[in-house]
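Structure assessment
These are the residues of each chain, in order.
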Amino acid sequence: PGLNFPACELTRGFQFLNETYDNLASVIYLSATVYNDPDKHQSYLDKWYGGNYSVNEDKTVHEFKSKRYSDSVVRYMLTTYPTEPGLGVVTIRGTYGPGILDIFADMQLWAGAILLQLQRAVLPLSFLWTPVLHKLNNFLSIIETDSIKEHTYYVEVREFIEYLKSREDFDRIIVLGHSLGGGVAFIAAAQTEVRAVGVSAPNAMLSRDSFTPPITKEDLDELTFNIIPDRDLIPMVDDRARNIQEIGCRANKTNILGCHSPVRSLCEVQYHCGSGFKPVLCSCHLKYGYPAPKPNLNFNETRPFAEVCREEYPSLY
C-alpha cells in the first residue's frame with residue numbers, strides 16, 4: 001500500500017479510546033453499523049471490539065425518545081466503553097434507502113448552500129462573495145416555518161446530547177455519522193460544544209447562520225472533522241471546515257454513488273492504515289477488490305483469508 005493517511009490516528013480531542021491507532025477505522029465502522037437493525041447493534045460491536053469491550057446503550061436512547069420523540073424517524077445509537085468511564089459515543093444514521101423524510105431533511109438543511117455554490121461556480125468573480133455567503137444562506141432559510149425548524153433532525157440530536165451532558169455518568173461525548181448523519185453530527189456538536197467526526201458528510205460552513213441557534217466558523221473549525229473519499233459528491237455540499245482527511249476510492253468512475261459507501265471507505269482506510277487487531281471485512285477483498293490480508297498469527301490463524309470468508313459468508317461466493 002501507499003503511505004498512511006496523516007489522520008490514521010485521530011488526536012486533538014477527536015479520539016475516543018486510548019487505542020488511538022484504529023480510531024479512523026472505528027469511526028467509519030460505527031457509522032456503518034447504525035444502518036443495521038438496532039437489535040443487532042451489540043453483535044456488530046462485539047465483532048469489532050470483542051466481547052465485553054463496548055456496550056450498546058439502547059435503553060438510554062429509548063428512555064430519551066419516549067419522552068418527546070416517540071414517533072421520530074431519526075435513528076442513532078449510544079455506545080459506552082467500560083474501560084473509558086464517562087465517555088458516550090453517539091452515532092447518527094444517514095440517509096436510508098428511499099426514505100422520503102431523510103431526503104427531505106437533506107434538502108431542508110442544505111438546499112440554500114447548494115444554490116449558492118452553483119451561483120458561485122457560474123457567475124464571474126462570484127468567489128469574492130464567499131465571506132458573506134453564509135449571510136445570504138441565512139436569508140434563504142427565513143422562509144422556513146417554526147414548525148419545520150422544530151422537527152429538523154439536528155434539534156432532536158442536540159437535545160439528546162444535552163440530555164447526556166446533564167447526567168452524572170457522562171463527562172465526554174463524541175458524535176459520529178455518515179452522510180446526512182455526519183452533517184447532523186456537525187451541527188448538533190457545534191451547538192453543544194462537543195466534538196464530531198463525519199464520514200462522507202455534507203459540510204456546514206455556508207449554512208452555519210441558518211441553524212437555530214447559529215453556529216460559528218470557529219466552532220466548526222475546532223470541533224468537527226470530516227473523512228472525505230475521492231469523487232464523493234455529498235462532501236462537496238457546502239464549504240469545508242478546517243479538519244478533514246481525504247481518502248482514496250477504487251470505485252469505477254461511472255459508479256456515481258460508489259465512493260459514498262461507508263464499507264468501501266472502511267476498506268480503504270484499513271488498507272492504508274493497517275487493521276491492527278480489528279477484523280477486515282470479507283467484502284473488502286471479495287466485493288471491492290482489495291488484496292486479501294495475511295493471517296494474524298497472534299490469533300493462531302493460519303488459513304488464507306478467502307478460506308475463512310468462504311466458511312463464514314458462503315453467500316459472497
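As the structure is a prediction and not an experimental result, all values here were calculated from the model.

To continue, consider the nonpolar core. Looking at soluble globular proteins, one finds that nonpolar side chains tend to be buried together. Within the largest apolar cluster, 39 residues are counted, with the highest numbers of intra-cluster contacts made by Tyr76, Val90, Phe160 and Val175. For this core, the secondary structure elements donating two or more residues are helix H3 (58–68), strand E2 (76–80), strand E3 (87–92), helix H4 (100–122), helix H7 (153–165), strand E4 (172–178) and helix H8 (180–192). Those residues in contact with Val175 that sit more than four places away from it in its chain are Val90, Ile92, Ile161, Ala185, Ala189, Val194, Arg195, Ala196 and Val197. Listed in part, the 31 residues of the second largest apolar core include Tyr35, Tyr81, Leu87 and Val197.

Here the focus is the confidence of the model for the chain. Atom-level detail of predicted coordinates should not be read off regions where pLDDT is low. For the chain, per-residue confidence averages 84 on the pLDDT scale, and 79% of positions sit at 70 or higher. In the model of the chain, helix H6 (residues 146–150) stands out as the element of lowest mean pLDDT, 46, in contrast to strand E1 (residues 55–56), which has the highest, 98. The low-confidence segment residues 143–149 (pLDDT under 50) makes 7 contacts with residues lying over four places distant or belonging to another chain.

Using the criterion set out here, one finds 10 salt bridges in the structure. Between Arg68 and Glu159 there is a salt bridge, and its shortest N-O distance comes to 3.0 Å. Of this pair, Arg68 sits in helix H3 while Glu159 is found in helix H7, placing the two residues 91 residues apart along the sequence. Take Arg68: its relative accessible area is 47%, and that puts it in the partly exposed class. Residue Arg303 pairs with Glu311 through a salt bridge whose shortest N-O separation is 2.6 Å. Taken together, the salt bridges that share partners define one network made up of Glu63, Arg167 and Asp169.

Okay, the state of the cysteines next. On inspection of all chains with the given rule, the structure shows 4 disulfides. Note on cysteine connectivity: Cys249 is disulfide-linked to Cys259, with sulfurs 2.1 Å apart. Across the S-S bond of Cys249 and Cys259 the torsion is about -95°, and the bridge reads as left-handed. You can see Cys249 sitting in the loop between strand E7 (244–247) and helix H10 (262–273) and its partner Cys259 sitting in the loop between E7 and H10, a full 10 residues away along the chain. Grouping residues by exposure puts Cys249 and Cys259 together as buried.

A full pass over the atoms with the stated rule returns 11 aromatic pairs. Centre to centre, the rings of Tyr76 and Phe160 are 5.0 Å apart; their planes meet at 40°, and the pair counts as tilted. One end of the pair, Tyr76, is in strand E2; the other, Phe160, is in helix H7, with 84 residues separating them in the sequence. Put simply, the rings of Phe64, Tyr69, Tyr76, Phe160 and Tyr163 pair up and form one aromatic cluster.

Relative to the helices and strands, Ala25 resides in helix H1 (residues 23–33). Take Ala25: its relative accessible area is 6%, and that puts it in the buried class. For the pair Ala25 and Cys273, spaced 248 residues apart in sequence, the C-alpha to C-alpha distance is 8.5 Å. Once residues lying within four places of it in the same chain are set aside, the contact partners of Ala25 are Trp48, Leu266, Val269 and Gln270.

Residues of helix H12 (residues 305–312) that are buried: Phe305, Val308 and Cys309. For H12, the angular spread of the buried residues around the axis is 95°, confining them to a single face. At its buried positions, H12 is contacted by helix H11 (282–286).

Okay, unusual backbone geometry next. Peptide bonds are trans in most cases, and residues, glycine excluded, mostly fall at negative phi. The amide bond that connects Thr212 to the next residue, Pro213, takes the cis arrangement and shows omega of -5°. With respect to the element layout, Pro213 can be found in the loop between strand E5 (195–199) and helix H9 (217–223). In the Ramachandran plot, Asn52 falls in the positive-phi region, its phi being about 70° despite a non-glycine side chain. You can see Asn52 is positioned in the loop between helix H2 (41–49) and E1. Not every positive phi belongs to a glycine, and Glu193 is a case in point at roughly 60°. When you line up the elements, Glu193 lands in the loop between H8 and E5. Residue Glu193 is classed as exposed on the basis of its relative accessible area of 60%.

Strand pairing within a sheet occurs via backbone hydrogen bonds; the two strands may be parallel or antiparallel. Strand order in the open sheet formed by 7 strands is E1-E2-E3-E4-E5-E6-E7, and the pairing between neighbours is mixed. Of all the strands in the sheet, the pair left with one neighbour each is E1 and E7. Pairing between E5 and strand E6 (residues 224–229): 4 bridges, direction parallel. Counted as the bridge partner of Ala196 is Thr224 from E6.

A few words on the side chain of Glu159. At 2.8 Å, the side chain of Glu159 and the side chain of Tyr69 are in polar contact. Those residues in contact with Glu159 that sit more than four places away from it in its chain are Phe64, Arg68 and Tyr69.

Each value, and the rule that gives it
Residues numbered from 1 in each chain as written. Predicted model: local features only at pLDDT ≥ 70, side-chain atom pairs only at ≥ 80, totals over all residues. Heavy atoms only, no water. Core = buried A, V, L, I, M, F, W, Y, C linked by side-chain atoms within 4.5 Å. Buried < 20%, exposed > 50% of the residue type's maximum accessible area, 1.4 Å probe, protein only. Helix = DSSP H or I, 4+ residues; strand = E, 2+ residues; numbered from the N terminus. Contact = heavy atoms within 4.5 Å. pLDDT = per-residue confidence, 0-100. Salt bridge = Lys/Arg side-chain N within 4 Å of Asp/Glu carboxyl O. Disulfide = S-S within 2.5 Å. Phe/Tyr/Trp six-rings, centres within 6.5 Å; stacked < 30°, edge-to-face > 60°. Arc of directions from axis to C-beta. Pairing = 2+ DSSP bridges. Polar contact = N/O pair within 3.5 Å; in protein donor to acceptor, adjacent residues only side chain to side chain.

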